[in-house]
Structure formats: C-alpha cells, structure tokens
Amino acid sequence: MSDKLEITITKEQGRIDKVLSEKLPSYSRSQIQQWLKDGLVLLNNQQVKANYKVRAEDHFIINIPEEKTLDIKASDIPLDIVYQDQDVAVVNKPQGMVVHPSKGHPDHTLVNALLFHLDHLSSINGVIRPGIVHRIDKDTSGLLMVAKNDHSHASLAQQLQDKTTLREYTALVHGNIKHQKGTITAPIGRSKTNRQMQDVVEDGKPAVTHFTVLEHFTDFTLIKLQLETGRTHQIRVHMKYIGYPIAGDPVYGPKKTLAGNGQFLHAGVIGFNHPVTEKWMTFEAALPEIFQKTLANLEKPIDF
C-alpha cells in the first residue's frame with residue numbers, strides 16, 4: 001500500500017526532481033529521484049522522466065511507497081511536550097536524541113517516544129517518520145512541530161515551504177562578531193571533499209540565515225538566528241563559512257572548543273499558524289542547563 005500525493009504546479013520552473021524537492025521539504029531529493037526512477041510520479045497518467053521540465057498547471061500524482069525497512073516500536077522515553085491538541089504538538093527535543101529511526105539509530109529516537117506519548121500521528125512521511133514535519137540535528141536541542149494527522153502535516157509542510165513559520169535559534173560561536181546583525185545567503189549542498197558533510201557549494205540549494213548578536217565574551221559571541229530556509233546543517237555550515245563556527249560542534253567546528261553535549265545550538269522559539277484554527281501560535285523553550293552553565297562561566301571582554 002502507498003500514500004498518494006497530488007501536486008499542482010503554479011509558477012515553479014525547472015527539473016521535476018528539483019521542483020518536487022522544494023514543494024515537499026519533508027523528503028530528500030534522492031528519495032524523489034528514486035520515485036521518478038520507479039515510475040511512481042505520474043502526469044496525465046503517464047510516468048514522468050527525471051529530466052522533465054515542469055510547466056504551469058501541471059498536475060502530478062505521486063504514489064509514495066510504504067517504508068517497511070524497520071519495525072518501529074513505541075518506547076517509554078521521557079518527552080517534554082510543550083503543547084498538544086488533537087491536531088498538533090510541540091516538543092522540546094533534548095541534545096543527543098535522534099529525530100527518527102534509521103539503520104544506524106533503529107530505536108530510542110524522538111519517533112519512538114512520540115508513538116508512546118501521543119495517540120495519533122500523521123502518516124504522510126511513512127512508517128519511520130510518523131508526525132515528523134521537520135528535523136533538527138541529533139546534538140541540537142529545542143522545539144519541533146509534530147503533526148497528529150495528515151491535514152495538519154500538509155498545512156505545516158506548506159507553511160515551511162512558504163517560509164511563513166518562525167524558527168529562532170540561540171547559538172554560541174567562536175570569535176567576536178563585529179556586526180550587530182547580518183544575513184548569510186549562500187547555497188548549501190553535499191561537500192565535494194567529504195560526502196558525510198554539507199558545505200557552501202555553487203550548485204547547492206538556496207539557503208538564507210539571519211543573525212543578531214546578543215552578547216560578547218572574550219573568545220565567543222552569543223547570537224540569535226532565524227532560518228529563512230531549512231537546509232541540512234544550515235546554521236552550522238553558514239557560521240563556519242563566515243568564520244564563526246558553533247562552539248562544541250564536532251563536525252564543523254575547531255578541535256579545540258568547549259566541552260558539552262554537542263554543538264551549543266538551541267531551537268528556542270517556534271511559531272506557526274494552527275492548521276485548523278489558523279491562529280498564530282508561538283512557543284519558547286529555555287536553554288539547556290549545560291548551555292546556561294557554560295555561559296555563566298565564560299569571561300566577559302574588558303572592552304569591545
């Protein structure tokens with residue numbers, strides 16, 4: 001059995017795999033390319049080739065195959081549920097927790113906890129990602145939207161695509177940023193030298209990050225960031241790119257850094273329109289204890 005999605009093109013242009021990956025942010029481009037290869041994307045009941053260039057008013061039907069790679073079980077894992085109703089939930093994910101199962105992380109994930117604590121979850125993203133509309137990294141803490149039915153999932157995913165959601169992060173970075181505010185506009189894709197990493201690359205997907213300086217320390221800067229796009233490792237890659245890597249980042253940061261439970265990056269604020277009531281909702285989560293203690297022990301600059 002498969003899920004069926006229907007998508008109508010309005011003004012988007014380009015190759016079908018690129019356009020669908022932008023309209024379906026919950027799925028990777030490689031997944032979409034595989035669907036095209038398997039003949040699961042139809043236009044006028046005809047299979048679509050991967051190099052097809054979309055046109056206005058094209059109406060696609062996508063038969064998303066059911067994922068059967070893992071047997072996902074509910075687990076009684078403590079979970080900080082900030083808010084929930086019959087349509088959506090907001091959870092505060094701790095550092096060290098993977099969002100959904102994979103071959104390398106088959107259990108003890110956020111999804112395992114959600115299956116135990118919540119009665120219903122959306123099914124759009126298949127059996128290994130129920131309710132998951134967007135993700136944050138394993139060692140990033142903070143707030144995530146969770147969809148409890150498919151209508152809510154579609155609405156929240158569309159808001160992410162339309163860039164109408166609010167996603168605000170707090171980060172501690174190496175160095176002293178001299179500008180009070182800034183915007184980083186640099187495309188992100190898979191690194192040409194290390195396929196396990198992301199990087200700023202010419203042929204990457206558009207990525208925009210806004211930042212504001214909150215406080216200076218002797219060797220570090222505390223900043224607030226807002227995401228305009230949601231690329232993999234976006235904040236970590238962008239901050240490294242401009243020379244101020246996230247403290248504690250084991251992948252994109254320097255070897256000599258602050259000890260913690262991973263990168264000092266926290267998704268502290270999230271906002272969205274409720275999928276049913278359309279009421280704007282905003283939620284906040286305090287910095288993790290280790291983040292707060294680290295800030296309290298940092299030296300302040302004498303003059304900056």
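Everything below is about the structure shown above.
Residues numbered from 1 in each chain as written. Predicted model: local features only at pLDDT ≥ 70, side-chain atom pairs only at ≥ 80, totals over all residues. Heavy atoms only, no water.

Visitor: So what's going on with the pairing of strand β14 (residues 265-273)? Residues and values would help.
Guide: As a general feature of sheets, a regular strand has side chains that alternate between the two faces. Burial analysis of β14 places 8 of its 9 residues in the buried class, the great majority of the element. Looking at chain direction, strand β7 (residues 141-147) and β14 are connected through 2 bridges and run parallel. Each residue of the ladder has a partner; that of S141, found in β14, is H266. Sheet topology note: the strand β8 (residues 166-174)/β14 ladder contains 6 bridges and is antiparallel. Following the sheet pairing, T170 is matched in β14 by H266. (Buried < 20%, exposed > 50% of the residue type's maximum accessible area, 1.4 Å probe, protein only. Helix = DSSP H or I, 4+ residues; strand = E, 2+ residues; numbered from the N terminus. Pairing = 2+ DSSP bridges.)

Visitor: Lay out helix α4 (residues 150-162) in plain terms, naming residues and giving numbers.
Guide: An α-helical turn contains 3.6 residues, so a residue and the one three or four places further along point in the same direction. In this model, α4 (13 residues) spans 18 Å end to end at C-alpha, consistent with the 18 Å of a helix rising 1.5 Å per residue. Every buried residue of α4 is accounted for by S152, H153, L156, A157, Q159 and L160. What you see down the axis of α4 is that its buried residues fit within an arc of 155°, all on one side. Residues of α4 that are buried in the fold lie against β6 (88-93), β7, β8 and β14. The N-terminus of α4 is capped by N149, whose side-chain oxygen sits 3.4 Å from the backbone nitrogen of H151. One or two positions beyond α4, positive phi appears at K163, with a value near 60°. (Expected span 1.5 Å × (residues − 1). Arc of directions from axis to C-beta. Contact = heavy atoms within 4.5 Å. Polar contact = N/O pair within 3.5 Å; in protein donor to acceptor, adjacent residues only side chain to side chain.)

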